[in-house]
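# Fold and geometry: a report
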Amino acid sequence: MAMPDRAEAAYSQVEVLDGLAAEYGLSNREREVLALLAERWRASAIAEKLFISPSTAKNHMGSIYSNIGIHSQDELLHLVEARRESAKVDDV
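Treat the numbers as computed from the prediction; the structure is a model and nothing was measured. (Residues numbered from 1 in each chain as written. Predicted model: local features only at pLDDT ≥ 70, side-chain atom pairs only at ≥ 80, totals over all residues. Heavy atoms only, no water.)

Moving on to the overall build of the protein chain. Along the backbone of the protein chain there are five helices and zero strands. Sorting the 92 residues of the protein chain into buried and exposed places 34% on the buried side. Residue pairs in contact within the protein chain that sit at least 24 positions apart in sequence constitute 55% of those at least 6 positions apart. A total accessible area of about 6100 Å² is found for the protein chain, and carbon and sulfur atoms account for 53% of it. (Helix = DSSP H or I, 4+ residues; strand = E, 2+ residues; numbered from the N terminus. Buried < 20%, exposed > 50% of the residue type's maximum accessible area, 1.4 Å probe, protein only. Contact = heavy atoms within 4.5 Å. Areas by Shrake-Rupley, 256 points an atom, 1.4 Å probe, with all protein chains shown as cover.)

Applying the stated rule across the entire model yields four salt bridges. Across the pair Arg 31 and Asp 18 runs a salt bridge, and its minimum N-O distance is 2.8 Å. Of this pair, Arg 31 sits in helix α2 (residues 28–38) while Asp 18 sits in helix α1 (residues 6–23), and the two are 13 residues apart along the sequence. By relative accessible area, which is 17% here, Arg 31 ends up buried. With a shortest N-O distance of 2.8 Å, Glu 23 and Arg 83 are connected by a salt bridge. Taken as a pair, Glu 23 in helix α1 and Arg 83 in helix α5 (residues 73–91) lie far apart in primary sequence, 60 residues in all. (Salt bridge = Lys/Arg side-chain N within 4 Å of Asp/Glu carboxyl O.)

Right, here's the structure in full:
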């Protein structure tokens, strides 16, 4: 089985994140934060990147976690990876 190239892997992650955002009714800003969380960014870096305060970034993170039903960035990373793996199986 051939390994997917970086563009395919990135595209599938975008699809997974868009799917999560739609499924759980995330706002556009929460979708932006979700993408950065999936890249392993921390609240302070997210705040700087999006020109928001660290507390606002943390509020968005809490809202995302609550809506999805998880409690941490690690759980989010596991969920995204599981969805990506599931999408690979569905494509076969």
